[in-house]
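# Per-entry structural report
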Number of protein chains: 2
Amino acid sequence: MPKYELDRIFQALADETRRSMVERLVRGPASVSDLARPLEMSLPAVMQHLQVLEACGLVRSGKSGRVRTCHIQPEGLRAAQEWIAAQRTSWERGLDRLGDYLAEEPQAPDQGLEKRSTS
Amino acid sequence: MPKYELDRIFQALADETRRSMVERLVRGPASVSDLARPLEMSLPAVMQHLQVLEACGLVRSGKSGRVRTCHIQPEGLRAAQEWIAAQRTSWERGLDRLGDYLAEEPQAPDQGLEKRSTS
DNA sequence: CTCATACTTAGGCACGTACTTAACTATTCC
DNA sequence: GGAATAGTTAAGTACGTGCCTAAGTATGAG
């Protein structure tokens, strides 16, 4: 799991066309033409989006005859979701600590753990 | 919730610097200088990343005196996480259907619901 | 063999992104 | 008031992204 994997995964998901390709592929495998049909753009453009999705590991594909069949690889989605979940958890822990602080010390506004411009 | 919000949110998260700013901000508010200190880049560069995070609604900030204090706005993280969760759910439903299919019709390989090249 | 299908490659263009340095504005401290 | 602090604006550069058209390759059908 290389360090810049999340860069590439989020980058891949940052495009409506590629998200719609993912939305299609979670329902089952599809050929390149299947993916291209609803997308008002040229086939080479679809191929490029597909390459982005493959480069970050979200999609895999293999060729059989003249048809390339694509299927999703859900591991990358899980990694992205987990990063977001970790941030939201951390944020909620912060709210809890704030709650504790307000509950425990309603009249002793402690100060001294904060940022002091160390420069 | 405009249609291209997810574009901007995923785009914002597709950068290690901005993710590290989010990781900092989920632990509590911070000034621009606080955000910049661990980031080996100029202050204007940090400002630009901050603007990206604000433009997609992940962060808000306000100025008091000469200090701008930034804090996270978790709504966007939730929206991104939910899109991913929906795809993963859809994918898992597909696995379930496949399991049902294999369990119900182990010797009658039904065909006819699949993609037929309609072109 | 011949033709249509299903990609694939190459090249090019417009625009976007991630920085930089230099110069400027507002606040706070002495 | 004058200097340090915190942030902001402007302009420029290098590289990345998302499309296109045109021309190619490989496979399947007749």
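- An unreviewed UniProt entry annotates chain A as Transcriptional regulator of Planotetraspora kaengkrachanensis.

## So, the protein's contact with DNA strand D
- By nearness alone, 20 residues border DNA strand D, and A:H49, B:S33, B:M47, B:R66 and B:R68 come closest of all.
- Counting only atoms of DNA strand D within 4 Å of the protein, the sugar-phosphate share comes to 69%.
- Separating a phosphate oxygen of DNA strand D from a side-chain N or O atom of A:S42 is a distance of 2.6 Å.
- At the level of elements, α4 (43–55) of chain A together with α3 (32–36), α4 (43–55) and β3 (67–72) of chain B are the ones that each hand at least two residues to the surface near DNA strand D.
- Among the elements that make up the surface near DNA strand D, the one with the highest residue count is α4(A) (four residues).
- Within the surface near DNA strand D, the residues separate by chemical class into eight nonpolar, six polar and six charged.

## Examining the protein's contact with DNA strand C
- Around DNA strand C, the structure places 21 residues, and the nearest of them are A:S33, A:R66, A:R68, B:S42 and B:Q48.
- Sugar and phosphate atoms represent 65% of those atoms of DNA strand C found within 4 Å of the protein.
- A distance of 2.9 Å separates a phosphate oxygen of DNA strand C from a polar side-chain atom of B:R18.
- Within the contact set of DNA strand C, a base oxygen lies 2.9 Å away from a side-chain nitrogen or oxygen of B:R66.

## Some points on the interface of chain B and chain A
- Between chain B and chain A, the contact holds 31 residues from the first and 31 residues from the second.
- Of the roughly 3300 Å² buried between chain B and chain A, counting both surfaces, carbon and sulfur atoms make up 58%.
- Among the salt bridges present, the one from A:R19 reaches B:D7, with a minimum N-O distance of 2.7 Å.
- The interface formed by chain B and chain A includes six residue pairs in polar contact (both at pLDDT 80 or more).
- Residue assignment for the side of chain B that touches chain A shows that the elements contributing at least two residues are α1 (5–13), α2 (16–25) and α5 (75–104) of chain B.
- If one sorts the elements of the side of chain B that touches chain A by residue count, α5(B) sits on top with 12 residues.
- Each residue belonging to the side of chain B that touches chain A can be placed in one class, and the counts come to 14 nonpolar, five polar and 12 charged.

## Some thoughts on the sheet that holds strand β1 (residues 30–31) of chain A
Residues and elements named next belong to chain A.
- The antiparallel open sheet is built from three strands, whose spatial order is β1-β3-β2. The sheet is open, and its two borders are formed by β1 and β2 (59–64), each paired with just one other strand.
- Note that β2 and strand β3 (residues 67–72) share six bridges and pair antiparallel. Bridging from a neighbouring strand, S64 pairs with V67 of β3.
- Each of β1, β2 and β3 is contacted by helix α2 (residues 16–25), which is oriented at about 90° to β3, the strand it contacts most.
- In the packing of α4 onto the sheet, contacts are made with β2 and β3, and the angle to β2 comes to roughly 120°.

Quick notes on the rules
- Residues numbered from 1 in each chain as written.
- Chains lettered and ligands numbered in written order.
- Predicted model: local features only at pLDDT ≥ 70, side-chain atom pairs only at ≥ 80, totals over all residues.
- Heavy atoms only, no water.
- Near = heavy atom within 4 Å.
- Polar contact = N/O pair within 3.5 Å; in protein donor to acceptor, adjacent residues only side chain to side chain.
- Helix = DSSP H or I, 4+ residues; strand = E, 2+ residues; numbered from the N terminus.
- Nonpolar A, V, L, I, M, F, W, Y, C, P; charged D, E, K, R; others polar.
- Contact = heavy atoms within 4.5 Å.
- Buried area = accessible area lost by both parts, 1.4 Å probe.
- Salt bridge = Lys/Arg side-chain N within 4 Å of Asp/Glu carboxyl O.
- Pairing = 2+ DSSP bridges.
- Axes fitted to C-alpha atoms, helices over the stretch in contact; angles between N-to-C directions.

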